[in-house]
Amino acid sequence: MNARSRVGVMNWLGSFAVLCAFIALWWTASNAGWVSRVFLPTPQATFASLLEGLNLSGGSGNGELLAFTQATVGRMVQGWLLASLFGVLLGAAISVSPAVRAWVQPTLEFIRPLPASALLPLAISIFGLNPGMVLFVVAFGAMWPVLLATVHGFAAVEPRLSEVARCLQMSRAAFVWKMGLPNAMPDILAGMRLALTIALIVAVVGEMIASQSGLGQAILLAARAFRASDLFAGIVLLGLIGFVSNALLAFAEKRLLRWQQP
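Along every chain, residues carry numbers that run from 1 in the direction the sequence is written. Where totals are concerned, whole chains, interfaces and linings use all residues; where local detail is concerned, this predicted model gives features only for residues with pLDDT of at least 70, and gives and counts side-chain atom pairs only at 80 or more. Side-chain calculation: all heavy atoms of the structure are included, whereas hydrogens and water are not.

Engineer: Summarise the overall build of the protein; cite the residues concerned and give the values.
Structural biologist: Each helix and strand in the protein was counted, giving 10 helices and zero strands. By the criteria applied, helices consist of DSSP H or I runs no shorter than four residues and strands consist of E runs no shorter than two, each listed in order from the N terminus. The secondary structure elements of the protein, listed N-terminal to C-terminal, are α-α-α-α-α-α-α-α-α-α. Its C-alpha atoms give the protein principal-axis dimensions of about 75 × 60 × 30 Å. When accessible area is computed with a 1.4 Å probe and restricted to protein chains, residues below 20% of their type maximum are described as buried, those above 50% as exposed, and intermediate ones as partly exposed. Within the protein, the proportion of its 262 residues that are buried is 37%. Only heavy atoms matter for contacts: two residues are in contact if any of them lie within 4.5 Å across the pair. For the protein, the proportion of contacts with a sequence separation of at least 24, taken over those separated by at least 6, is 66%. By element, 70% of the accessible surface of the protein is carried by carbon and sulfur atoms, the whole surface being about 15,300 Å². For the charge count, each Lys or Arg is scored as positive and each Asp or Glu as negative, with His and the chain ends excluded. Charge placement uses NZ in Lys and CZ in Arg. For Asp and Glu, CG and CD serve respectively. Charge-centre separation for the protein: the mean point of 16 positive side chains lies 7 Å from the mean point of 9 negative side chains. Accessible surface is estimated by sampling points in the Shrake-Rupley manner with a 1.4 Å probe; for residues, cover comes only from the protein chains shown.

Engineer: Run through the nonpolar core, naming residues and quoting values.
Structural biologist: Grouped burial of nonpolar side chains is what soluble globular proteins tend to show. Formed by 55 residues in total, the largest nonpolar core has its most connected members in Leu65, Trp80, Met133, Val137, Met192, Leu215 and Leu237. Counting only elements with at least two residues in this core, the list comes to α1 (3-31), α3 (64-96), α5 (120-127), α6 (131-155), α8 (172-210), α9 (215-224) and α10 (228-256). Of the residues forming this core, the biggest block, 14 residues, is contributed by α8. For leucine 237, the residues in contact, after removing those within four places along its chain, are Leu50, Leu54, Leu65, Thr69 and Leu215. As used here, the term nonpolar core means buried Ala, Val, Leu, Ile, Met, Phe, Trp, Tyr and Cys residues forming a set that is joined through side-chain atoms within 4.5 Å.

Engineer: Give a description of the environment of leucine 215 that names residues and reports values.
Structural biologist: Note that leucine 215 resides in helix α9. Spatially, the C-alpha atoms of leucine 215 and glutamine 70 are 8.9 Å apart, while their sequence positions differ by 145 residues.

Engineer: Can you lay out the packing of α3 against α8 for me, pointing to particular residues and giving the numbers?
Structural biologist: To define axes, lines are fitted to C-alpha atoms, for helices over the stretch in contact only, and angles between the resulting N-to-C directions are given on a 0 to 180 degree scale. With their axes 7 Å apart at the nearest point, α3 and α8 run at an angle of 145° to one another. Between α3 and α8 the crossing geometry is right-handed. Polar here means any residue outside two lists: the nonpolar Ala, Val, Leu, Ile, Met, Phe, Trp, Tyr, Cys and Pro, and the charged Asp, Glu, Lys and Arg; Gly therefore counts as polar. When its residues are assigned to classes, the contact of α3 with α8 shows 17 nonpolar, two polar and three charged. In a left-handed crossing the near helix is turned counterclockwise from the far helix by less than a right angle, and in a right-handed crossing that turn is clockwise.

Engineer: I'd love a proper account of the side chain of threonine 42, names of residues and values included.
Structural biologist: Positionally, threonine 42 belongs in the loop between α1 and α2 (43-53). Ignoring sequence-local partners within four residues, the contact set of threonine 42 consists of Trp26, Ser30, Asn31 and Arg37.

Engineer: Please give an account of the environment of valine 104 that cites residues and values.
Structural biologist: With respect to the secondary-structure elements, valine 104 resides in helix α4 (residues 98-111). Not counting the four nearest positions on each side in its chain, valine 104 is found in contact with Leu90 and Ile94.

Engineer: So what's going on with the pattern of salt bridges? Residues and values would help.
Structural biologist: What counts as a salt bridge is simple: a side-chain nitrogen of Lys or Arg found within 4 Å of a carboxyl oxygen of Asp or Glu. On inspection of all chains with the given rule, the structure shows three salt bridges. The salt bridge involving aspartate 230 is made with arginine 227; its shortest N-O contact spans 2.9 Å. You can call arginine 227 partly exposed: its relative accessible area is 38%.

Engineer: Just give me the short version of unusual backbone geometry, but keep the residues and values in it.
Structural biologist: In the Ramachandran plot, serine 211 falls in the positive-phi region, its phi being about 55° despite a non-glycine side chain. Along the chain, the position of serine 211 falls in the loop between α8 and α9. Relative accessible area serves as the criterion here: at 51%, serine 211 is assigned to the exposed category.

Engineer: Report on the packing of aromatic side chains, specifying residues and quantitative values.
Structural biologist: Two rings from Phe, Tyr or Trp (for Trp, the six-membered ring) form a pair when their centres sit within 6.5 Å of each other. Planes less than 30 degrees apart are called stacked, planes more than 60 degrees apart edge-to-face, and all others tilted. By the definition in use, this model includes three aromatic pairs. An angle of 85° between the planes, with centres 5.7 Å apart, marks the rings of phenylalanine 140 and tryptophan 144 as edge-to-face. Taken together, the residues span about one helical turn, with phenylalanine 140 and tryptophan 144 both in helix α6 at a distance of four residues. Residue phenylalanine 140 shares its accessibility class with tryptophan 144, and that shared class is buried.

The structure is reproduced here in structure tokens:
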């Protein structure tokens with residue numbers, strides 16, 4: 001095992017140790033009565049609720065949590081894909097066209113600081129209480145990291161490549177496809193990873209506010225009914241979704257950027 005592999009193994013062991021310590025602290029706090037179990041269930045109760053909700057306990061689980069998870073993941077992925085598409089297209093257009101940059105950038109700078117959750121009432125008044133409204137807000141909130149990363153990636157393109165493109169009389173579309181996007185890809189993928197996290201957060205908030213089926217609604221209803229184990233099961237599931245989705249995208253990023261590795 002080389003030095004790089006040993007460092008990777010040590011990092012994984014350290015991460016696992018921190019997780020075990022956190023679970024041990026949680027178990028101690030709930031079983032020792034430091035916090036009432038009405039508000040902090042035991043890890044065992046949370047795990048049992050998670051298995052029952054996912055219909056993995058082998059008993060009479062209702063499987064509602066599985067349906068809620070599918071709805072939330074669907075909104076997250078669809079909103080993220082839309083955000084990535086429009087973010088890359090708009091970012092590339094702003095980067096290569098001075099006219100588009102002059103016309104669009106002031107408006108974007110006005111809209112960009114607006115929190116996505118603050119637009120939910122406006123989206124409800126326009127689209128109504130339906131899944132399309134939540135999808136719009138998710139895509140809007142997740143688009144900005146991709147857009148800004150695309151603009152930054154195109155700005156970092158080697159100036160000599162632009163000179164080569166002019167000498168070859170390449171069109172703007174050809175320059176974007178053959179030179180701009182490959183050089184901006186590391187920044188774009190980093191922005192997409194951040195956008196995926198934002199998409200999950202906004203999807204959950206949208207489900208809570210707009211009463212749409214999903215983990216957000218399930219967590220809100222569990223909190224109102226003081227079902228602490230179901231509440232924590234939903235939170236744990238959200239953490240797992242975020243962890244798995246980020247790991248998958250990191251793996252895809254590593255594969256796509258193999259040409260950069262020494």
